[in-house]
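Secondary and tertiary structure notes
Okay, here's what each chain looks like letter by letter:
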Amino acid sequence: MSIFEYNGSALVAMVGKNCFAIASDRRLGVQLQTIATDFQRISKIHDRLFLGLSGLATDAQTLYQKLVFRHKLYLLREERDMKPETFASLVSALLYEKRFGPFFCQPVIAGLGDDDKPFICTMDSIGAKELAKDFVVAGTASESLYGACESMFKENMEPEELFETVSQALLSSVDRDCLSGWGGHVYVVTPTEVKERILKGRMD
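Residues numbered from 1 in each chain as written. Predicted model: local features only at pLDDT ≥ 70, side-chain atom pairs only at ≥ 80, totals over all residues. Heavy atoms only, no water.

1. Points about the pattern of salt bridges
- Taken as a whole and assessed by the stated rule, the structure comprises 9 salt bridges.
- Residues aspartate 116 and arginine 48 are paired through a salt bridge, measuring 2.9 Å at the closest nitrogen-oxygen approach. Here the residue aspartate 116 occupies a position in the loop between β7 (105-112) and β8 (118-123), and arginine 48 occupies one in the loop between β5 (42-46) and β6 (49-55), the gap between them amounting to 68 residues.
- By relative accessible area, arginine 48 is classed as partly exposed at 25%.
- Among the salt bridges present, the one from glutamate 161 reaches lysine 154, with a minimum N-O distance of 2.5 Å.
- With a relative accessible area of 32%, glutamate 161 lands in the partly exposed category.
- One network of salt bridges, with partners in common, ties together Glu160, Glu193, Lys195 and Arg197. (Salt bridge = Lys/Arg side-chain N within 4 Å of Asp/Glu carboxyl O. Helix = DSSP H or I, 4+ residues; strand = E, 2+ residues; numbered from the N terminus. Buried < 20%, exposed > 50% of the residue type's maximum accessible area, 1.4 Å probe, protein only.)

As structure tokens, this is what we get:
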């Protein structure tokens, strides 16, 4: 078993019309044993920028603390929130810095940039960015998430339709992966509001 699969995870971010959704499962396990069913993988950096961290949970928490620290420093120096593109470059640089002993994480970054244009991006454990215009996935359930998102995604979805699509994609994908599941956590972000919802899934 790969170290990335040790705790299990499923993460997906998807864009809509001037909005985006980011969703994750809620299981924290140690290989096949479930430890917690309310684990938080998605964190808010600011109102228009969210970060999801799949992979090894301990590294995810360490990396999150380092990134919050860097963002607060930026806020003090620049007196403005970081743009999603800038934050993605920060995460990439931080991961590449530790390339010889990497954080075992695959981040998913989603945010609203200038003109409320959604930005989504994922990267590997040494910071190689993968940008997308439709959706990005990460975690142990990523293969089935690719298939579900590919078949369900439509362009220019409104926030409610986007929520429905990303939720169905997540729930159907984690059922095909024994290392992730136990419900879901979905954020739908528009220029004016952030909606957070908890999904109930199969509890096995």
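2. Examining the environment of alanine 13
- On the secondary structure map, alanine 13 appears in strand β1 (residues 10-15).
- Between the alpha carbons of alanine 13 and isoleucine 35 there is a distance of 25 Å; along the sequence they are 22 residues apart.
- The residues contacting alanine 13, other than those within four sequence positions of it, are Ala21, Ile22, Val108, Ala110, Ile120, Asp134, Phe135 and Val136. (Contact = heavy atoms within 4.5 Å.)

3. As for helix α1 (residues 57-78)
- Here α1 spans 31 Å end to end across 22 residues, near enough to the 32 Å set by a 1.5 Å rise per residue.
- Of the positions making up α1, those classed as buried are Ala57, Asp59, Ala60, Leu63, Leu67, Val68, His71 and Tyr74. An end-on view of α1 places all buried positions within 165° of arc, on one side of the element. Opposite the buried face of α1, by more than 90 degrees, sit the exposed residues Thr58, Gln65, Lys72, Leu76 and Arg77.
- Against the buried residues of α1 lie β3 (28-30), β5, β6, α2 (84-97) and β7.
- Phi for glutamate 79, located one or two positions after α1, is positive at around 60°. (Expected span 1.5 Å × (residues − 1). Arc of directions from axis to C-beta.)

4. Notes on the layout of surface pockets
- Quantified by volume, the largest pocket comes out at close to 360 Å³.
- Contributions of two or more residues to the lining of the largest pocket are made by β8 and β9 (129-132).
- The leading source of residues in the lining of the largest pocket is β8, at 3 residues.
- Broken down by class, the residue content of the lining of the largest pocket amounts to 6 nonpolar, 4 polar and 7 charged.
- Roughly 240 Å³ of volume is contained in the second largest pocket.
- Around the second largest pocket, the lining comprises 15 residues; the ones closest to its centre are Val174, Asp177, Cys178, Ser180 and Asp204.
- Grouping the amino acids of the lining of the second largest pocket by side-chain chemistry returns 5 nonpolar, 5 polar and 5 charged. (1 Å grid on protein atoms, 1.4 Å probe; cavity = no way out; pocket = protein on both sides within 12 Å on 5 of 7 lines; lining within 4 Å. Points joined across faces, edges and corners; volume = space filled by probe spheres on them. Nonpolar A, V, L, I, M, F, W, Y, C, P; charged D, E, K, R; others polar.)

5. Here we look at the environment of cysteine 19
- With respect to the element layout, cysteine 19 can be found in the loop between β1 and β2 (20-25).
- For the pair cysteine 19 and glycine 55, spaced 36 residues apart in sequence, the C-alpha separation works out to 26 Å.
- When neighbours within four sequence positions are excluded, cysteine 19 is seen to be in contact with Leu112, Pro118, Met157, Glu158, Pro159, Leu162, Val189 and Thr190.

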